[in-house]
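Each chain, written out:
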Amino acid sequence: MAQFMDVHHGMKGITADQLREAHQADLAIEKDEGVHFEKAWADPESGTVYCLSEAPSAEAVQRIHERAGHRADEVVPVPLTV
């Protein structure tokens, strides 16, 4: 499976609890699309959230985020990791 990094904007002031809840919402349904969300990071000041996942496609990642109630603004492949 491929890795993807997705970015959410407009989440200014997000707390650790809110980030955890959003991540748990993804984890609860990720298997429906064959996705696995590995980690999430947030910058409450800028309102930017990043999620790293393994998935069959960027579209599968987006479908899970949409169903969980937080559509990503960008989903980009991460073809190279060191």
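Chains are numbered independently. Their residues run from 1 in the order of the written sequence. Totals for whole chains, interfaces and linings use every residue, but because this is a predicted model, local features are given only for residues with pLDDT of at least 70 and side-chain atom pairs only at 80 or more, for both listing and counting. For the side-chain quantities, the full set of heavy atoms in the structure was used; hydrogens and water were omitted.

Labelled according to an unreviewed UniProt entry, the chain appears under the name SCO4226 family nickel-binding protein, originating from Streptomyces cylindrosporus.

Draft legend 1. Local environment of the nonpolar core. Grouped together as the largest cluster of nonpolar side chains are 15 residues, with contacts concentrated most on Phe4, Val35, Phe37, Val61 and Val75. Mapped onto this core, the elements with two or more residues apiece are α1 (16–29), β3 (48–55) and α2 (58–68). A run of H or I in DSSP becomes a helix once it reaches four residues, and a run of E becomes a strand once it reaches two; helices and strands are each numbered from the N terminus. Ranked by the residues each element gives to this core, the list is headed by α2, at four residues. Buried Ala, Val, Leu, Ile, Met, Phe, Trp, Tyr and Cys residues that are joined via side-chain atoms within 4.5 Å together make up what is termed a nonpolar core. Classification of residues uses two cut-offs on accessible area relative to the type maximum, computed with a 1.4 Å probe and protein chains only: under 20% is buried, over 50% is exposed, and between them is partly exposed.

Draft legend 2. Geometry of α1. Helix span, as expected, comes to 1.5 Å for every residue beyond the first. For α1, which comprises 14 residues, the first-to-last C-alpha distance of 21 Å matches the rise-based estimate of 20 Å (1.5 Å per residue) to within 8%. Along α1, the residues that are buried comprise Leu19, Ala22, His23, Asp26 and Ile29. The buried residues of α1 occupy an angular sector of 140 degrees when projected down its axis, which confines them to one face. Away from its buried face, by an angle of more than 90 degrees, α1 presents the exposed residues Ala16, Glu21 and Ala28. On its buried face, α1 sits against β2 (36–43), β3 and α2. Relevant arc is that of directions from the helix axis to the C-beta atoms, nothing else. The contact definition used throughout considers only heavy atoms, calling two residues in contact when any of these lie within 4.5 Å.

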